[in-house]
Amino acid sequence: MELVIKTKQQFDFVDITEQIESSLSELKVKNGAVLVFSKHTTASLIVNEKEEGVEEDTVNFWKRLLPPEGDYRHNQLRKDDNAHAHLLAMFLGPSIILPVKQGRLDLGTWQRIFLVELDKPRVRRVIVQAV
Ligand code: ZN
């Protein structure tokens, strides 16, 4: 199945844990795993905690790693401004796999699933598939 998510800004962290959890019964997964896949080249999926300061620290780390205003060929050739978002999406990867036990996500106490917007606000599509 496909989730459709509207992001609000660059570096938006959208918590999609509940949406994935509620797709499990439709997917008829009791015990096994689900693949969660971003169909985009400038949006990724991560697993982490929704805790004060973590998002901000993560974004600051990403900006040090790949400054949005860096000198990128893609931006010069395409007159585009999202090379850093493409590179960061490759660094973070397009998919995650999550364990399912007794029809529920088998996550750690503080783990949440986030779609992260690395470019401008967009409509994003995420595949959730039983494996
Ligand atoms: Zn681009």
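Let us look at the structure shown here. A quick note: this is a predicted structure, and the numbers were derived from the prediction, not measured. (Residues numbered from 1 in each chain as written. Predicted model: local features only at pLDDT ≥ 70, side-chain atom pairs only at ≥ 80, totals over all residues. Heavy atoms only, no water.)

A word on the pairing of strand 5 (residues 95-101). Burial of strand 5 is one-sided: the residues Ile96, Leu98 and Val100 facing one way are buried, the residues Ser95, Ile97, Pro99 and Lys101 facing the other way are not. With 6 bridges joining them, strand 3 (residues 32-38) and strand 5 adopt antiparallel strand pairing. Pairing of Val36 across the sheet is with Ile96, part of strand 5. Looking at chain direction, strand 5 and strand 6 (residues 104-105) are connected through 2 bridges and run antiparallel. What sits directly across from Val100, in strand 6, is Leu105. Taking the residues that link successive antiparallel strands as the turn, the strand 5-strand 6 hairpin has 2 residues, and the phi of Gln102 there is positive, at about 55°. (Buried < 20%, exposed > 50% of the residue type's maximum accessible area, 1.4 Å probe, protein only. Helix = DSSP H or I, 4+ residues; strand = E, 2+ residues; numbered from the N terminus. Pairing = 2+ DSSP bridges.)

What follows concerns unusual backbone geometry. Unlike most non-glycine residues, Phe11 shows phi in positive territory, near 65°. Looking at where Phe11 falls in the secondary structure, it is placed in the loop between strand 1 (2-6) and strand 2 (13-15). Given a relative accessible area of 9%, Phe11 falls into the buried group. In this structure, Gln102 takes a positive phi of about 55° despite not being glycine. Mapped onto the secondary structure, Gln102 falls in the loop between strand 5 and strand 6.

What follows deals with the side chain of Thr17. Take Thr17: it is sitting in helix 1 (residues 17-27). Assessed through its relative accessible area of 2%, Thr17 is described here as buried. At 2.6 Å, the side chain of Thr17 forms a polar contact with the side chain of Asp15. With residues up to four places along the chain from it excluded, the contact list for Thr17 reads Leu105, Leu107, Arg112 and Ile113. (Polar contact = N/O pair within 3.5 Å; in protein donor to acceptor, adjacent residues only side chain to side chain. Contact = heavy atoms within 4.5 Å.)

Nothing here speaks to function; it is geometry throughout.
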